[in-house]
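Read off the chains here:
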Amino acid sequence: MNETMLQRLDYHKVKEKVSEYAVSYAGKSHVEKMCPLTNIDEVRRALAEVTEASDMLKQGASVPLPTLQGIEHIISLVNTGYVFSEDDFTNVAVFLRSCAQLKKYMRAKYSIAPTVSQYAASMYELESIRDEIERCIRHGRITDDASRELSRVRRKVMQVESRIKQRLDGLMNKHRTLMQEHLVGMRGGRYVLPIKKELRKQFHGTVLDESASGQTVYMEPTEIAHLQHDLAQWRIAESQEEMKVLSHLTELLERSTPEIKINVDTVGVYDYLFARAKYSRAIEGRPVQLNDCGIIDIRNAKHPLLGAHTVPLTFRIGRGYSCLIITGPNTGGKTVALKTVGLLTLMAQSGLLVPAQENSLFSVFRNVCVDIGDGQSMEQSLSTFSAHVTNVIHILEEADASTLVLFDEMASGTDPGEGVGLSIAILEELRRRGSIVLATTHFNEIKHFATATAGFENARMEFDADTLQPRYQLRIGEAGSSYAFLIASKLGLSADIISRSQHVTQSLSAGTFRAENAAAASDGKSAISEADAPNGEISISRGEQGSDRDEAEDKATAVETVTLVESDGSANLPVSREKERHATPTEGTKESKISRETKISKDSDNSKNPPAKLQKGDCVYIAYLKRTGIVYEEEDLRGNVGVLIQHQKVKINKKRLTLYIEKQDLYPEDYDMDIVFESKENRKKKKIMSRKHVEGITIEYTSE
C-alpha cells in the first residue's frame, strides 16, 4: 500500500506504539517493516497468532524472551577473522541459556497456544558450545582451567609477583625515611616506590616517573629489576595463551553460526508477535471476523490513539450500499469516524487486535486510499484544491473493487458548484468500479445525490443543539446539518447578521438574491460609488496610517481603502475621508450618475488621454493590467512613468495610464510620500543620515 496514504491515517503512530513493546533489535526491525497484509488467509493467520499470544499474556506469566544484547555485533563480525572477546562470549552464553529457557516455556504452553508454541521447536540449544564457553569464561574473565598451559603460566606469574612483594616490603622498612608515602605504586606495569626527590640519590633504583608537584619521584628498586623483567615475560605468555583460548571458542562459534542465526530470527519473530499482543491488550483489542467482499460491520469501535474515553463508533457498509456520505457540523467527529474505520482496517490487516466489539466484521482490501487534510504545499505550489485533485488522480489510478476510499470534505477548496459536480462524478466513477467509499461533506447537493442514487447512503454525526456539543455518534440513513447559524448565534454573533445570513441563504437557493445598497448600510460612509470603479463592484474596508511599507500604500493618512473587484483581480485605491465627510446623499447620487456616464464614455473611447504630466502621488489606472497604482516617479524623456502596483515598482509609458485620482484628493498637503514608497527601515536610515554621518549605514535600491 502507498506509504503516504498510510501516514494520513496515522498508521506510523501505531507502529511507534507497537515498537515500544519490543525488547530486542530484531523485534523492533520487524515492527519497522510491519505493513497491512492483503491476502485474507495471511491476515487470518496473523490474527490467530496474536490472539494466542494475548491469551498467553492473560495467564500472568512473563515470557522469557532473550534481549539479544550484544548478539547483533557478534552476528555482523562472524566469519570475518575477528576474534571475539570475553564479553562477547559471555553474551553468547547468556543468549543460548535464554533460548533453552524459552523452548522449555513454550513446551509448557502448548495447550494454550498450539501454533505460537511450535515456533520454539525450531530453536537450537547448542549445549556443547554453551558449556565450553561457561567452562573457559566466568564472570567476564578466562579461567585458569581453560587450558593446561594457561594454568601453568598463571602459577608462574603468581610466584614472581609474590617474590617481588616480599622484596618491596623489606625495602619499604629499610628506606622509610626516604619515602614520601609508605605504599607501593605501579608505573607502566612495573612496581615502584615513591621517593622524596631531594633524597633520590640515596636510593638505588631507576626513576620511572615524577609527581605533578615535582616533589616525588617514582623509582624502581634495582633489587627487583630482574624479577620485574621475568614478570613481564610471563604476562606476555599469559596473553598468548588467553588468545589461543579465545580463538578456539571463536572457531566453535563460527561452526554454529547458522543455528545461532535461526535462534536470533525466531526470537525476533516472538518479540514482534508479543509486542503486537501487548499493544493489543493495552488498547483493549479483540478478535474480529474477516471477509474479502467489502463488507464492514463494526460495533463500539474506538480510535486507538484517542484514549479510553473516546465515544464508541458503530459503523456498517457493504450491504445494500457501498458509498456512505457523512454530514454534520464542524468538530462533530466526521473526520474521526473516517480515520477510525480506515485505521482499524489497517490494524486488522496488520495482525493487530482492534478496540471494537468482539467478532466485528472487517473486509480485507488490497488498497486503502485516503484524501484527508488540505494538503497545501508552498514548496510544491499546491493549493488546497490542487492538492485534493492530485490525491484524487492517484486514487483513481489504483481504485478497484478491492479498494477502501476515504474522502474528507469533498467539494472544498474551489467554487462550490463546480466542486459539487466534480465530486459527484468522482463518486459515480468509484461506485462503477466497485470501491467502498466513505466521504464527508457540508454540501446539500451531494446529500441529495446520495439520497436519490442506488448504492449510496447518507449518514450524520449527532449534535446536541441545546448545548452546542457534538455527541460523536454516527446515525446511518439520515442526512445531517452543519448547524452554522445555530452555532454562530450561540457563540454571540449579532442577531441581525444571523437573520441577514438566513435571508441570503434562502435567496441564493431561490435564485432571487440581491445585494443591499452599500451606502445605506454604512450610514452614508461609502467612499466611491459602484460606477466609479473601472469594472463595477466595490467592497469597502477601513485603513489607518501605517508605518511599514506594506501598510503605507493601503493605509496612508488614515484613509478609507476601496478594493475594486475585477473579473480576474483587484486593486486598492485610497480615498480622502475629508472629501467623503462633506459629501451629501444627493451629491453622491449625482456623482454616481456622472460616473456612470463617464464609464460609458470610457468604454467607448477605450481610454482617456493622460494629462500633460502626471505628478508623484497621483493614482492612475492601467487598463491592460486592470489595476490601479500610485505614481512614484514622474515621466522621463521617453515618456515612461514609475508606478507602484501592489508593492512593486514598474515603469509604464504614460500613454497606457489614465489619471484616476489626483494627488491632492488622496493626501493632505505636505504629506510625506516616503510613507507610501519607502520601507520603514529606509525611512529610519534617512532620518539618521539627515542628522549626522554614521559609519556603515547604507540605503540600497533595486533596479526596476
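Residues numbered from 1 in each chain as written. Predicted model: local features only at pLDDT ≥ 70, side-chain atom pairs only at ≥ 80, totals over all residues. Heavy atoms only, no water.

Here the focus is the nonpolar core. If you look at the biggest cluster of nonpolar residues, it comprises 118 residues, and the most contacted ones within it are Phe95, Met106, Phe274, Phe315, Met347, Phe407 and Leu438. The leading source of residues in this core is helix H11 (residues 257-282), at 10 residues. With residues up to four places along the chain from it excluded, the contact list for Met106 reads Met56, Val63, Ser117, Ala120, Tyr270 and Phe274. Core analysis: the next-biggest nonpolar cluster, separate from the first, contains 19 residues, Ile164, Met179, Tyr191 and Leu193 among them. (Core = buried A, V, L, I, M, F, W, Y, C linked by side-chain atoms within 4.5 Å. Buried < 20%, exposed > 50% of the residue type's maximum accessible area, 1.4 Å probe, protein only. Helix = DSSP H or I, 4+ residues; strand = E, 2+ residues; numbered from the N terminus. Contact = heavy atoms within 4.5 Å.)

With that settled, the discussion passes to the packing of helix H6 (residues 86-108) against helix H10 (residues 225-255). In contact at an axis separation of 11 Å, H6 and H10 are set at 40° when each is read in the N-to-C sense. The angle between H6 and H10 falls in the class oblique. Crossing angle aside, the handedness with which H6 passes H10 is left-handed. Contacts from Glu86, Phe89 and Val92 in H6 reach Leu246, Leu249, Thr250 and Leu253 in H10. The residue makeup of the contact of H6 with H10, split by class, is five nonpolar, one polar and one charged. (Axes fitted to C-alpha atoms, helices over the stretch in contact; angles between N-to-C directions. Parallel < 35°, antiparallel > 145°, perpendicular 65-115°, else oblique. Left-handed = near helix turned anticlockwise from the far one by under 90°. Nonpolar A, V, L, I, M, F, W, Y, C, P; charged D, E, K, R; others polar.)

A few words now on the packing of helix H2 (residues 11-19) against helix H3 (residues 25-32). Packed helix pairs are characterised by how far apart their axes lie and by the angle those axes make with each other. Packing of H2 against H3 leaves a shortest axis separation of 9 Å and a crossing angle of 165°. Relative to H3, H2 is oriented roughly antiparallel. In the crossing of H2 with H3, the sense of the turn from one axis to the other is right-handed. Together, Lys15, Val18 and Ser19 of H2 and Lys28, Val31 and Glu32 of H3 make up the contact between the two elements.

Once that is clear, we can look at the sheet that holds strand S5 (residues 205-210). The strand order across the open sheet built from four strands is S3-S4-S6-S5, with neighbouring strands paired in antiparallel fashion. Both edges of this open sheet fall to strand S3 (185-187) and S5, since each of them pairs with a single strand only. Across the sheet, the axes of successive neighbouring strands diverge by a mean angle of 50°, strand direction being ignored. Sitting on the sheet, H10 is in contact with strand S4 (190-196) and strand S6 (216-221), with an inclination near 145° to S4. (Pairing = 2+ DSSP bridges.)

The strand order across the open sheet formed by five strands is S23-S22-S21-S20-S24, and the pairing between neighbours is antiparallel. Only two strands of the sheet have a single partner each, and these edge strands are strand S23 (648-653) and strand S24 (657-661). Sheet twist, expressed as the average angle between the axes of neighbouring strands with direction ignored, equals 45°. As defined by bridge partners, strand S22 (residues 640-645) adjoins S23 across six bridges and the pair is classed as antiparallel. Bridge pairing in S23 places Ile645 opposite Gln648.

Now for helix H9 (residues 148-174). In this model, H9 (27 residues) spans 40 Å end to end at C-alpha, consistent with the 39 Å of a helix rising 1.5 Å per residue. Every buried residue of H9 is listed here: Leu150, Ser151, Val153, Arg154, Val157, Val160, Glu161, Ile164, Leu168, Leu171 and Met172. Where H9 is buried, its residues meet strand S2 (141-142), S4, S6 and H10. (Expected span 1.5 Å × (residues − 1).)

Summarising the sheet, S5 and S6 pair through five bridges and their orientation is antiparallel. Bridged to Val207 within S6 is Met219. Between S5 and the antiparallel strand that follows it, S6, lie five residues; Gly214 among them carries a positive phi value of about 80°.

Turning our eyes to something else, we now look at the confidence of the model for the protein chain. Looking at the protein chain as a whole, the pLDDT averages 81, with 81% of positions reaching at least 70. Across residues 375-382 the pLDDT falls below 50, and counting only partners more than four positions away or on other chains, this stretch makes nine contacts in the model. Predicted confidence for residues 517-610 stays below pLDDT 50, and this span has 160 contacts to residues more than four positions away or in other chains. (pLDDT = per-residue confidence, 0-100.)

Below, the discussion takes up the packing of aromatic side chains. On inspection of all chains with the given rule, the structure shows eight aromatic pairs. Centroid distance Tyr21 to Tyr279: 6.4 Å. Interplanar angle 55°. Geometry classified as tilted. Placement of the pair is Tyr21 in the loop between H2 and H3 and Tyr279 in helix H11, with a sequence separation of 258 residues. Centre to centre, the rings of Tyr119 and Tyr270 are 6.0 Å apart; their planes meet at 55°, and the pair counts as tilted. Pair noted here: Tyr119 is in the loop between helix H7 (114-118) and helix H8 (127-136) and Tyr270 is in helix H11, with a separation of 151 residues, a long-range link. When its relative accessible area of 26% is taken as the criterion, Tyr119 is described as partly exposed. Note on Tyr270: relative accessible area 0%, which makes it buried. Counting every residue linked through ring pairs, the aromatic cluster contains Tyr82, Phe84 and Phe89. Over the ring of Tyr272 we find Arg276; its NZ or CZ atom is 4.7 Å from the centre of that ring. Here the guanidinium or amino end of Lys649 rests over the ring plane of Tyr632, the centre of that ring lying 5.0 Å away. (Phe/Tyr/Trp six-rings, centres within 6.5 Å; stacked < 30°, edge-to-face > 60°. Lys NZ or Arg CZ within 6 Å of the ring centre and 35° of its normal.)

For the rest of this paragraph, the subject is helix H12 (residues 334-349). Counted at 1.5 Å a residue, the expected span for H12 with its 16 residues is 22 Å, and the 23 Å between its end C-alpha atoms agrees. In terms of residue burial, H12 counts as a mostly covered element, since 14 of its 16 residues are buried. Looking one or two residues past H12, Gly351 carries a phi angle of roughly 80°, positive in sign.

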